[in-house]
Amino acid sequence: MAMRDILDLDRYPLDRPGTPEWHALVARCRAELAQNGMFNLEGFVTPGALQQAIAEIRPVMETLSFTHRRNHNIYFRKDVPGLAPDHPALALCETVNRTVCADQIMQSVPVWIYEWSQFVTFLAATMQKDALFPARDDLARVNVMSYRECEALNWHFDRSEFTTTLLLQAPEQGGEFIYRTDLRSDSDPNYDGVARLLRGEDPEVRSLTLSAGTLNVFRGRNTAHKVGAVKGGRDRMIVVFSYFDRPGVVFSREDQMGFYGRTR
């Protein structure tokens, strides 16, 4: 399957780096990142490629996926230095989803996109980075997460500055992307603000409903976010692509066990 059959390269000319059209797209994405903390490319993946990806992944999801179910705080850490264990910013919430890892779908549409050098070059340009590098971790490189009815990804901050996702399948209802931009900063953890958010008292919370085939790049390290509970019989299926500022990144064994139920 050629990359032109997978991505809408007429609308999004990732295969033509350095051209005026490519620079215009990068400039648009940079502007949206600066203004909104994210950019979205609707219809990034073609309908045919979406169907193929779902057909490739669904049997693996149904038979080999790891059910990630755990109570956690917004930091996904047992404790936070300087924060009392009973501080309301450490209130627990529940996340439930099924996860498939890259090593289970090596020959699949999501992995082909992840490994395509022009995709990595484009992302680095939108993030204004000299380069991005794929993870060396065969579990964390590419994850496909499925949320069934009543399942959700609860409040958290991302560890990396940017998160890159691709929605393969939208649910019938629910599954909204819910976020609070710049709730904290690198210099101010804003624990009281986090507590207000968890109590449902933050008026700055926003919600976004994405369509299947949309690429989303999100600045999530200081923006709290979650996925709303899915409603209906169709699961929400989303790909998470993990790139880093340095080569050779591997998750710790503790993180691998927590997120994937196994280590490599």
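Quick note: structure is the one above.
Residues numbered from 1 in each chain as written. Predicted model: local features only at pLDDT ≥ 70, side-chain atom pairs only at ≥ 80, totals over all residues. Heavy atoms only, no water.

So, the overall build of the protein chain
Summing up its helical and strand segments, the protein chain has 7 helices and 15 strands in all. Whereas a compact globule of 264 residues would reach a radius of gyration of roughly 18 Å, the protein chain reaches 18 Å, a difference of no more than 12%. Over its C-alpha atoms, taken along the principal directions, the protein chain stretches across nearly 55 × 40 × 35 Å. Out of the 264 residues in the protein chain, the part that is buried amounts to 52%. Of the contacts formed within the protein chain by residues at least 6 apart in sequence, a portion of 85% connects residues at least 24 apart. Surface summary for the protein chain: the accessible area is close to 12,500 Å², and the carbon and sulfur share equals 48%. Charge-centre separation for the protein chain: the mean point of 31 positive side chains lies 2 Å from the mean point of 34 negative side chains. (Helix = DSSP H or I, 4+ residues; strand = E, 2+ residues; numbered from the N terminus. Rg over C-alpha atoms; globule rule 2.2 N^0.38 Å. Buried < 20%, exposed > 50% of the residue type's maximum accessible area, 1.4 Å probe, protein only. Contact = heavy atoms within 4.5 Å. Areas by Shrake-Rupley, 256 points an atom, 1.4 Å probe, with all protein chains shown as cover. Lys, Arg positive; Asp, Glu negative; His and termini not counted. Charge placed at Lys NZ, Arg CZ, Asp CG, Glu CD.)

Quick look at the nonpolar core
A general trend in soluble globular proteins is that nonpolar side chains are found buried together. Within the largest apolar cluster, 52 residues are counted, with the highest numbers of intra-cluster contacts made by Phe119, Phe122 and Leu168. Counting residues per element, this core draws most heavily on helix H3 (residues 47-64), which supplies 7 residues. Beyond its immediate stretch of four places on either side in the chain, Phe122 contacts Leu14, Trp22, Leu25, Val26, Cys29, Phe39 and Leu41. Of all hydrophobic cores here, the second largest spans 13 residues; its members include Tyr75, Ala89, Leu183 and Ala224. (Core = buried A, V, L, I, M, F, W, Y, C linked by side-chain atoms within 4.5 Å.)

Quick look at the state of the cysteines
One way to say it: the disulfide is the covalent bond shared by the sulfur atoms of two cysteines. The full count for this structure, using the stated rule, is 0 disulfides. With no disulfide of its own, Cys150 has Cys93 as its nearest cysteine by sulfur position, at a separation of 16 Å. (Disulfide = S-S within 2.5 Å.)

Regarding the sheet that holds strand E10 (residues 206-208)
The pairing of strands in a sheet comes from backbone hydrogen bonds and takes either a parallel or an antiparallel form. What the 4 strands build is an open sheet, ordered E6-E12-E9-E10; its pairing is antiparallel. The open sheet has two free edges, formed respectively by strand E6 (153-156) and E10, since each of these has just one partner strand. Taken over all neighbouring pairs, the strand axes of this sheet differ in orientation by 15° on average, direction set aside. Here strand E9 (residues 177-180) runs beside strand E12 (residues 224-227); their pairing, made up of 4 bridges, is antiparallel. Residue pairing in the sheet places Phe177 in a bridge with Val227 of E12. (Pairing = 2+ DSSP bridges. Axes fitted to C-alpha atoms, helices over the stretch in contact; angles between N-to-C directions.)

Structural notes on the pattern of salt bridges
Scanning the model with the defined rule gives 19 salt bridges in all. In this structure, Arg69 and Glu94 form a salt bridge, with 3.9 Å as the shortest nitrogen-oxygen distance. With a gap of 25 residues between them, Arg69 in strand E2 (residues 66-72) and Glu94 in strand E3 (residues 93-101) connect regions that are remote in the sequence. Taking relative accessible area as the criterion, Glu94 reaches 40% and is therefore assigned partly exposed. Among the salt bridges present, the one from Lys129 reaches Asp245, with a minimum N-O distance of 3.4 Å. Remark: Asp245 occurs in the loop between strand E15 (243-244) and helix H7 (253-260) and Lys129 occurs in the loop between helix H5 (117-126) and strand E4 (133-134); sequence separation between them is 116 residues. Where salt bridges share partners, they join Arg4, Asp10, Asp15 and Arg16 into one cluster. (Salt bridge = Lys/Arg side-chain N within 4 Å of Asp/Glu carboxyl O.)

What about H7?
Among all positions in H7, only Asp255, Gln256, Phe259 and Tyr260 are buried. Buried positions in H7, seen along its axis, are confined to an arc of 100° and lie on one side of it. For H7, the exposed residues set more than 90 degrees away from the buried face come down to Arg253 and Glu254. Buried-residue contacts for H7 involve E2, E3 and strand E5 (142-147). One or two residues past the end of H7 sits Gly261, with phi positive at roughly 75°. (Arc of directions from axis to C-beta.)

Observations regarding the packing of helix H2 (residues 20-36) against H5
In contact at an axis separation of 8 Å, H2 and H5 are set at 50° when each is read in the N-to-C sense. One finds that H2 runs oblique with respect to H5. As H2 packs across H5, the resulting crossing turns out to be right-handed. In this structure, H2 contributes Trp22, Leu25, Val26, Cys29, Arg30 and Leu33 to the contact, and H5 contributes Thr121, Phe122, Ala125 and Thr126. Grouping the constituent residues of the contact of H2 with H5 by class yields 7 nonpolar, 2 polar and 1 charged. (Parallel < 35°, antiparallel > 145°, perpendicular 65-115°, else oblique. Left-handed = near helix turned anticlockwise from the far one by under 90°. Nonpolar A, V, L, I, M, F, W, Y, C, P; charged D, E, K, R; others polar.)

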